[in-house]
Amino acid sequence: MEEAFEPVTKRILQTSSKCLLQSNELHQYILETSVYPREPEPLKELRDATSTQPRKIMATAPDEGPLMALLLKLINAKKTIEIGVFTGYSLLLTALSIPDDGKITAIDINRETYEIGLPIIRNAGVEHKIDFIESPALPVLDKFLEHPENEGSFDYAYVDADKDNYLNYHERLMKLVRIGGIILYDNTLWGGSVAIPDDSLVPENLKFSRVHIIKLNKFLAADPRIHISHIPLGDGVTVCWRLS
Ligand code: SAH
Ligand code: CA
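Structure report, in brief. Each chain carries its own residue numbering, running from 1 in the written order of its sequence. Labels follow written order: the first chain is A, the first ligand is 1, and so on. The predicted nature of this model means local features are confined to residues of pLDDT at least 70 and side-chain atom pairs, given and counted, to a pLDDT of 80 or more, with totals for whole chains, interfaces and linings taken over all residues. Only hydrogens and water are set aside; all other atoms, that is, all heavy atoms of the structure, feed into the side-chain values.

1. Here we look at the overall build of the chain
Part 1 of the argument: Under the scheme used here, helices are H or I runs from DSSP no shorter than 4 residues and strands are E runs no shorter than 2 residues, and both carry numbers assigned from the N terminus. Assigned secondary structure in the chain consists of nine helices and seven strands.
Part 2 of the argument: Scaling as 2.2 N^0.38, a compact globule of 244 residues should have a C-alpha radius of gyration of about 18 Å, and the chain matches this with 18 Å.
Part 3 of the argument: Only protein chains enter the accessibility calculation, which uses a 1.4 Å probe. A residue is then buried if its area is under 20% of the maximum for its type, exposed if over 50%, and partly exposed in between. Burial statistics for the chain: of 244 residues in total, 50% are counted as buried.
Part 4 of the argument: Residues are treated as being in contact if the distance between any of their heavy atoms lies within 4.5 Å. Counted over contacts in the chain with a minimum sequence separation of 6, partners at least 24 positions apart contribute 68%.
Part 5 of the argument: The protein chains shown are the only cover counted for residues, whose accessible areas, like all others here, come from Shrake-Rupley with a 1.4 Å probe. Counting every atom, the chain has about 11,900 Å² of accessible surface; 55% of that belongs to carbon and sulfur. Computation of the radius of gyration draws on C-alpha atoms alone. For the globule rule, the value is 2.2 Å times the number of residues to the power 0.38.

2. A closer look at the coordination of the calcium ion (ligand 2)
Angles at a metal have ideal values that depend on geometry: 109.5 degrees with four tetrahedral donors, 90 or 180 degrees with six octahedral donors.
Part 1 of the argument: Looking at the calcium ion (ligand 2), one finds its protein donor set to be Asp-160 (OD), Asp-160 (OD), Asp-186 (OD) and Asn-187 (OD1), positioned 2.3 to 2.9 Å from the metal centre.
Part 2 of the argument: Read in sequence order, the donor residues coordinating the calcium ion (ligand 2) give the pattern D-x25-D-N. Of this pair, Asp-160 sits in the loop between strand S4 (154–159) and helix H8 (166–176) while Asp-186 sits in strand S5 (residues 177–186); the two residues are 26 residues apart in sequence, bridging distant segments of the chain. The pair Asp-160 / Asp-186 is uniform in exposure class, with both members buried. Counted as coordinating are nitrogen, oxygen and sulfur atoms within 2.8 Å of the metal, or 3.2 Å for Na, K and Ca, while water is not included, which may make sites look incomplete.

3. Quick word on the site of ligand 1
Part 1 of the argument: Lining the immediate surroundings of ligand 1 are 20 residues, of which Thr-60, Gly-84, Ser-90, Asp-108 and Asp-160 lie closest.
Part 2 of the argument: Whenever a nitrogen or oxygen atom comes within 3.5 Å of another N or O atom, the pair is scored as a polar contact, on the condition that within protein one atom can donate a hydrogen and the other can accept it, and that pairs from neighbouring residues in sequence are kept only if both atoms are in side chains. Thr-60 has a polar side-chain atom sitting 2.6 Å from an oxygen atom of ligand 1.
Part 3 of the argument: For ligand 1, a nitrogen atom lies 3.1 Å from a polar atom in the side chain of Asp-162.
Part 4 of the argument: Contact with the protein chains hides 89% of the accessible area of ligand 1, taken as 580 Å² for the molecule alone.
Part 5 of the argument: Each residue belonging to the shell around ligand 1 can be placed in one class, and the counts come to eleven nonpolar, five polar and four charged. Residues are counted as near a molecule or strand when any one of their heavy atoms sits within 4 Å of it. Polar here means any residue other than Ala, Val, Leu, Ile, Met, Phe, Trp, Tyr, Cys and Pro, which are nonpolar, and Asp, Glu, Lys and Arg, which are charged; Gly is therefore polar.

4. Quick look at the pairing of strand S1 (residues 79–83)
Along any regular strand, the residues point their side chains to alternate faces of the sheet.
Part 1 of the argument: Across the five residues of S1, four count as buried, placing the element largely inside the fold.
Part 2 of the argument: Taken together, the five bridges between S1 and strand S2 (residues 103–108) define a ladder with parallel strand orientation. Along S2, the bridge assignment pairs Ile-81 with Thr-105.
Part 3 of the argument: Handedness is read with the strands pointing away from the viewer; a crossover is right-handed when the path from the first strand over the helix to the second is clockwise. Regarding topology, helix H5 (residues 89–97) serves as the crossover connection from S1 to the parallel S2, and that connection is right-handed.
Part 4 of the argument: As judged from the four bridges shared by S1 and S4, these two strands associate in the parallel manner. Among the inter-strand pairings, Ile-81 is bridged to a residue of S4, identified as Ala-157. Between any two strands, pairing holds if DSSP finds at least two bridges.

5. Things to note about the pairing of S4
Part 1 of the argument: Burial analysis of S4 places six of its six residues in the buried class, the great majority of the element.
Part 2 of the argument: Note: S4 against S5, five bridges, orientation parallel. Paired with Ala-157 across the two strands is Ile-183, which belongs to S5.
Part 3 of the argument: For the segment spanning S4, H8 and S5, crossover handedness is right-handed.

6. Digging into unusual backbone geometry
Part 1 of the argument: Notably, Asn-187 is not glycine yet its phi reads approximately 70 degrees, a positive angle.
Part 2 of the argument: The residue Asn-187 is located in the loop between S5 and helix H9 (204–222) in this model.
Part 3 of the argument: Phi at Trp-190 is positive, roughly 40 degrees, even though this residue is not glycine.
Part 4 of the argument: With respect to the element layout, Trp-190 can be found in the loop between S5 and H9.

In structure tokens:
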């Protein structure tokens, strides 16, 4: 982290690019003890293939994987939606966690990065579960909502794209995901920056999305239609369980 930041900013921001824990060593401990030893081989391969990408930092943190797989299995998710695919770590994880006749609608504005992971997804034998749509996500969700039969038809949604639209996605997903289904929002601690008390103390590159994440966090906390858990895994993940 740069010297120029105020002490309060330094203290609050994350200790490494991929973890909000107090030390990198503790993060490494978790990865090496329970995450990497159980990570399916195709996901390891996809992580390797992503490690040479200039924007590799965007990939879902591997320590979120076991939580996502657990939730998918607990609710017997069969039909899911993913907003923000990048090279496909979370997508492949989802595809490996749902049954053979499960379906994932995967939306991203960039097909090129999806194609980096695609050969690995194909080799893992799960490509048939994926319907990839190259588009901004909002119009796709609105299109789905034009057909009433899509309401409540999804079991699970993972949101990991443009942070300024998270509240718009929430409004749509609360109709598309069934009662008893789960919506997961990624990056809801935004590098720890959500806790910085004054916008003037926030590094420039975090400012824009921070405002939207803070709005989302407030909204979700007050939304009586969901049960939520805000978890400091990765860059922060919020699990929403639809109650009504
Ligand atoms: N879940 C991914 C990481 C996603 S990174 C993983 O596990 O690796 C964020 C992705 O959101 C990028 O690939 C970007 O192209 C995509 N994105 C950005 N704006 C978008 C939008 N409006 N609609 C859909 N995808 C978008
Ligand atoms: Ca993310």
